[in-house]
Every structure is written in C-alpha cells, then in structure tokens.
Amino acid sequence: MRSSTGHTLLDSISNFCKQQKIAESTFGRRAVNDGKFVSRLRNGSRVTPETWERVSRFIEKNGGTSPAKADPRSMHLISANHITATANGAVESEPENGSRQKNFRFFDNRQKYLLFVTTCSEKEVIAQRIGVELGNIDPTPPAVRVLDAGMGDGSVLTRVMREMHWRRPTMPFYILCKEVSLEDVRLSLAKMPDRLFEHPSTVLIITNMYYSEAPWLTPRDEKAAASVVWQEVPLSGNTAHDFDEQIKALDSFLVENWQARHSPKTGNPIYEKPSVLILYREDYRFLLDDIIPKKGDSRADFDLIIASQPYRSRVSPQFKVEKVVAPLTRALAEGGRLLGIHSYGHDPGLEIIQKVWPDEMPFSSGRHEILHALKLELGADAGNYNFNANSDARSIFRYKMHALPTEISASIGTSTLFAAWNAAVYVAQIEDERLTAAMSDNKYLEATNEVLIKYGGLWFNDESYIISRRHARKS
Ligand SMILES: C[S@@+](CC[C@H](N)C(=O)[O-])C[C@H]1O[C@@H](n2cnc3c(N)ncnc32)[C@H](O)[C@@H]1O
C-alpha cells in the first residue's frame, strides 16, 4: 500500500523492520541484495529511482507501507547518484516544475562509459551491424536521411558516416543526432572535421530535444517551442583543420545552450533550453539549400534510425516503447528502417556480475517483448510497419574486450582486471551505491579473474531488432 501520510523511505523501512521483526541488514539483503543499504542511507547516501521503486515494491509486496511518491524528503534522497543509472541509456521525461538543480553534471558514469568505449569493441561491431542496414535502405532525393537517436561520444556515428560515404559518395546526407550531454556533443563534434572534409554534401544537425521531439526538431510544449535556440554554422575553408578550428570555437555556445538538469521525479535528464545546432560547409550551401532544416518547418521521414543502447535495461518494455521506440518508429520514412540494439546477457560479462550479485538479472526485456509492446502502443497504425525480431543467429551479436593474448594468463594485470570489471558493471548498469559495497573487499576482482581465465578473455552479447515502414499502397 502506498503511504498517503508522507513517509520517507527511511521511515517506511524502519516501520517495516519493526513490524516484521527483522534487522535492517536483513531488510537490505532481501530488498536490494545489500546488507549495508539501510546504514548507508542513514549516513546520507542517496538512492536511484530504480532502487527506490525496488524497495517500495518489496515493502508493498510484503504487506508494509511504502514511502509516499511525492514526499519531498524522499525525493531529496533520490538525488545526484541516481543519475548514474539514468545515464545508462538516458530516457528523458518531460520537464516538471520545482527542480532547482541547474547545470547538474548528470553523466556521473562518464568515466565508465569512456573506459568501456575504448577497451571494448562494441561500438565498432554495432557500426558494422548498421552498415548492413545501409545496404537495405532506398533513399529518395534530395538526401539520405539518418537519425542517430543517442549519439553518445560519436564512435558509432562517425563509423557509420564513413560507410555511408563509401556506399553513396555523391549523395547529400541529412544527419540528425540527438544528444543531451554536453560532453558527448563535444567528443562527437571533435570527430566530425574529417567527415565533413571527405563528404562535403553533409548537413549535420545536433539537438538536445526528447525522443518525441528531436526527429521533428520541435518541442511539444508551446512555450519551449517558442524559445528554441537555433544555430546555423556554415563552415568556411576546405580543410579538416579549418573545420576543426571553427568547431572548437563553438565551445561557449555549447556551454551556454547544452545545459541540462535532472527531473526530481524520475532522475532523467531535462534540457534547460531546447537547442539545435546545424553544421554544413559554406562552399556547399547552394547545393544543400533544400536540405538544411528551417525552424518550424522540419520533417522527420528518416531512411535509417539508429537506436543503440537508448534506454535503461531494467525499465519495462512498455516504458522503453512509450518513451523511445514508438516516437522513433513514427519518425520513419516509407521504406525507412529503425535498428534497435541493446544488451542481451548470456555471456561471461553477466557471469562476473552474478558471481558478485547471484540474483542479478539486468536484461529484463528482450526484443520480442519490446516489439510486442510496440505493436500494442501503435494500435491501428501498427499495420504500417514490419516488425522483425529475426532469429537469434541473426539478431544476437558478440563483442569483446580488447586484450593481448599474453594478458590473459595465470596472473592477469590489475589494469586488465579493472577494465573487465568496469565493462561488466557498466553493461549490467549497476548503480554506484551497490558498486561501493561490492568493492569494499577483493571478491569482485577474484570473480573477474576467474571468469577471464575460464573463457580466455571477456565478451558480451547484444541483440538487435528492425522496424521498417511499409510503402503506402498506391490507389
Ligand atoms: C543514448 S545512449 C548510447 C549512445 C550511443 N548510441 C552508443 O551506442 O554509444 C547514451 C548512454 O548509453 C549508455 N551506454 C552506451 N553503451 C552502453 C552499453 N553497451 N551498455 C549499457 N549502457 C550503455 C551510456 O551511459 C551513454 O551515456
């Protein structure tokens, strides 16, 4: 039963423990697999919204009174740390009133992401998978239209752009990227000068808007729509160095307009100002005139939509669909294809996790559940699309942690072990407070070591699915 009297999380736990005559450490172990959970909470630790939900559900299921959802004191608990979980596949909510925490650096797990991207082959393998889809699209003039729905650090997109150029060297590209993190935008932009040099007929657009807005470059809220920051940057010169210099000079624009805070209710990122940055080569402006988006007059109609790791693994398939997959599906052009990719598990990475947290099941909903939920969400419109879960053999693919053959030996170096542990907990989206507990002794390194030796290295599985939009019947 939900409390209507405004219990905080701690109140609810204490009452529950008294009522059930159990120690708080027992509660922590049973509810979240962490005996020190309650004592850390007393010492001021914060919880993620997911942990909050998990604890509430546990209390409710066992006949207790869970904390009030809107209790400001419990909301205070759901603060900085919970963003860590959010960053693992950021799913944003619409803005709410009342948040005063501006300029929050919400990608607390940034270092984990960067270490993961550079030590594992995932982004390369994903780009390869997307390359297959590039062969299946049939764009119509005036441009090939691609949406990267979560650009991250741009490792996937820049590879995809290289292959797009290789496949269609003379066609204009309209490439729209959604990214709310300032630092990810910086990292991605730094990779773009060479792309603009090799493929001059490119319009590159970056926005911080939500999934339901970004494809159309239009906020749903009227007030927000009226305040969109719309910045067109024609790049002069004709060398990658010229472009790099001008892109670097955008830093203060980004700092001013790519600020985000987090929702006090869900912990999800919220933009301060809806912003759009449009880059293209000035010497190609004439050719690109029809392709450069105009404020208030943008269409979606994408030939290819990339949804790589776009949601937190533990949220329900309905949530993934409602917030991410359905709005993206509606942004497809006729014949357009959406490629969804997320972690699958059943791999040595998950084995490490389950050695430390035996009951952990991070990958709760797979492609079949997501596509099923999507059909329900689309209702009658579902008939306009094909939903392709594919066979396991076609859908599931493997990527690995880079390691020299000599590195995985009887005594594995600490930095390799740390990289492996980082990748495992990153992929499984383990919250920081649980990590701190697990890393208080050496068991986590022993577990990592055992798995690396057992398999002679470390690898992970991702799974993918395709949604394609049918061509309208000609009457
Ligand atoms: C919109 S998503 C993905 C960005 C980009 N499409 C990519 O694949 O890297 C951005 C967030 O997803 C998370 N993420 C990226 N790869 C992940 C993976 N393999 N497992 C879990 N989370 C991941 C990161 O926290 C990152 O900040």
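Residues numbered from 1 in each chain as written. Predicted model: local features only at pLDDT ≥ 70, side-chain atom pairs only at ≥ 80, totals over all residues.

### Digging into the overall build of the protein
Put simply, the rule reads: Strands here are runs of E lasting at least two residues and helices are runs of H or I lasting at least four, both read from the DSSP assignment and numbered beginning at the N terminus. Residue burial is a threshold on neighbouring C-beta atoms within 10 Å of the residue's own C-beta, all placed from the backbone, with 20 or more meaning buried, 12 or fewer meaning exposed, and counts in between meaning partly exposed. Any pair of residues counts as being in contact when their C-beta atoms, constructed from backbone geometry, are within 7 Å of one another.
Helices and strands together make up the secondary structure of the protein, namely 22 helices and twelve strands. Counting all 475 residues of the protein, 47% fall into the buried class. Within the protein, counting contacts between residues at least 6 apart in sequence, those at least 24 apart form 82% of the total.

### Some remarks on helix α20 (residues 414–427)
Note the following rule: The span expected for a helix works out to 1.5 Å for each residue beyond the first.
When the terminal C-alpha atoms of α20 are compared, their 20 Å separation across 14 residues agrees well with the 20 Å that a helix rising 1.5 Å per residue should span. Across the 14 residues of α20, ten count as buried, placing the element largely inside the fold. When we look at burial in α20, the residues that qualify are Thr 416, Ala 419, Ala 420, Trp 421, Asn 422, Ala 423, Ala 424, Val 425, Tyr 426 and Val 427. Residues of α20 that are buried sit in contact with α7 (110–119), β9 (332–343), α17 (348–356), α21 (432–438), α22 (443–455) and β12 (459–469). Residue Gln 429 follows α20 closely and has a positive phi angle near 50°.

### Considerations on the nonpolar core
Applicable threshold: By definition, a nonpolar core groups buried Ala, Val, Leu, Ile, Met, Phe, Trp, Tyr and Cys residues that connect through C-beta atoms lying within 7 Å of each other.
Counting residues in each nonpolar core, the largest one holds 72 residues, and the members touching the most others are Ile 175, Ile 305, Ile 306 and Ala 307. Sequence-distant contacts of Ile 306, that is, excluding residues within four places in its chain, are made with Ile 130, Leu 147, Asp 148, Ala 149, Val 156, Val 160 and Leu 339. With 26 residues, the next largest nonpolar core counts Phe 116, Trp 421, Ala 424 and Ile 430 among its residues.

### What about the environment of Val 315?
Looking at the element boundaries, Val 315 is found in the loop between β8 (302–308) and α16 (317–329). Separated by 50 residues in sequence, Val 315 and Ser 365 place their C-alpha atoms 8.2 Å apart.

### What about the confidence of the model for the protein?
This is how the line gets drawn: Each residue carries a pLDDT score, the predictor's confidence in it, ranging from 0 to 100.
Within the protein, residue pLDDT values average 88, and 88% of them lie at 70 or more. pLDDT under 50 marks residues 1–6. Its contacts with residues more than four places away, or in other chains, come to 13 contacts.

### What to know about the pairing of strand β1 (residues 144–149)
Stated precisely, the cut-off is as follows: Note on handedness: a clockwise path from strand one over the helix to strand two, with the strands aimed away from the viewer, defines a right-handed crossover. If DSSP finds at least two bridges between two strands, the strands pair.
In terms of burial, β1 is largely enclosed, as six of its six residues are buried. You can see the chain leave β1, run along helix α9 (residues 155–167) and come back into strand β2 (residues 173–178), and the turn it takes is right-handed. By the bridge criterion, three bridges tie β1 to β8 in an arrangement that is parallel. Bridge pairing in β8 links Val 146 to Leu 304.

### Things to note about unusual backbone geometry
Residue Pro 142 is reached from Pro 141 by a cis peptide bond, and omega for that bond is 15°. Phi at His 346 takes a positive value of approximately 55°, unusual for a residue other than glycine. Relative to the helices and strands, His 346 resides in the loop between β9 and α17. The exposure class of His 346 is partly exposed, given the 13 C-beta atoms found within 10 Å.

### Some remarks on the environment of Thr 329
Residue placement: Thr 329 occurs in helix α16. Of the residues examined, Thr 329 has 25 C-beta atoms within 10 Å and is grouped as buried. Along the chain, Thr 329 and Leu 339 lie ten residues apart, while their C-alpha atoms are 10.0 Å from each other. Once residues lying within four places of it in the same chain are set aside, the contact partners of Thr 329 are Leu 338, Leu 374, Leu 378, Tyr 385 and Ile 467.

### Remarks on the packing of α7 against α20
Here is the rule: To obtain each axis, a line is fitted to C-alpha atoms, and for helices this fit is confined to the stretch in contact; angles are then taken between N-to-C directions over 0 to 180 degrees. Convention used here: angles under 35 degrees read as roughly parallel, angles over 145 as roughly antiparallel, angles from 65 to 115 as roughly perpendicular, and any remaining angle as oblique. Take the far helix as your reference; a near helix turned counterclockwise from it by less than a right angle gives a left-handed crossing, and one turned clockwise gives a right-handed crossing. All residues other than Ala, Val, Leu, Ile, Met, Phe, Trp, Tyr, Cys, Pro, Asp, Glu, Lys and Arg, Gly among them, are scored as polar; the first ten of these are nonpolar and the last four charged.
One way to put it is that α7 packs onto α20 with a least axis distance of 9 Å and a crossing angle of 110°. Taken as axis vectors, α7 and α20 run roughly perpendicular relative to one another. Of the two possible hands of crossing, α7 and α20 adopt the one that is left-handed. Contacts from Lys 112, Tyr 113, Leu 115, Phe 116 and Thr 119 of α7 reach α20 at Ala 419, Asn 422, Ala 423 and Tyr 426. Grouping the amino acids of the contact of α7 with α20 by side-chain chemistry returns six nonpolar, two polar and one charged.

### A short note on α17
Considered for burial, the residues of α17 that qualify are Pro 348, Gly 349, Leu 350, Ile 352, Ile 353 and Val 356. Of the surrounding elements, those touching the buried residues of α17 are α20, α21, α22 and β12.

### Topic: the packing of α17 against α22
Remark: α17 packs on α22, axes separated minimally by 9 Å, with the N-to-C direction vectors making an angle of 145°. Crossing of α17 against α22: the hand is right-handed. Packed against α17, whose contacting residues are Pro 348, Glu 351, Ile 352, Lys 355 and Val 356, the element α22 presents Lys 443, Tyr 444, Ala 447, Thr 448, Val 451 and Tyr 455 at the interface. Across the contact of α17 with α22, the residue classes tally to seven nonpolar, one polar and three charged.

### Focus: the environment of Val 229
When you line up the elements, Val 229 lands in strand β4 (residues 229–235). Val 229 has contacts with Asn 257, Lys 273, Ser 275 and Val 276, leaving out every residue within four places of it along the chain.

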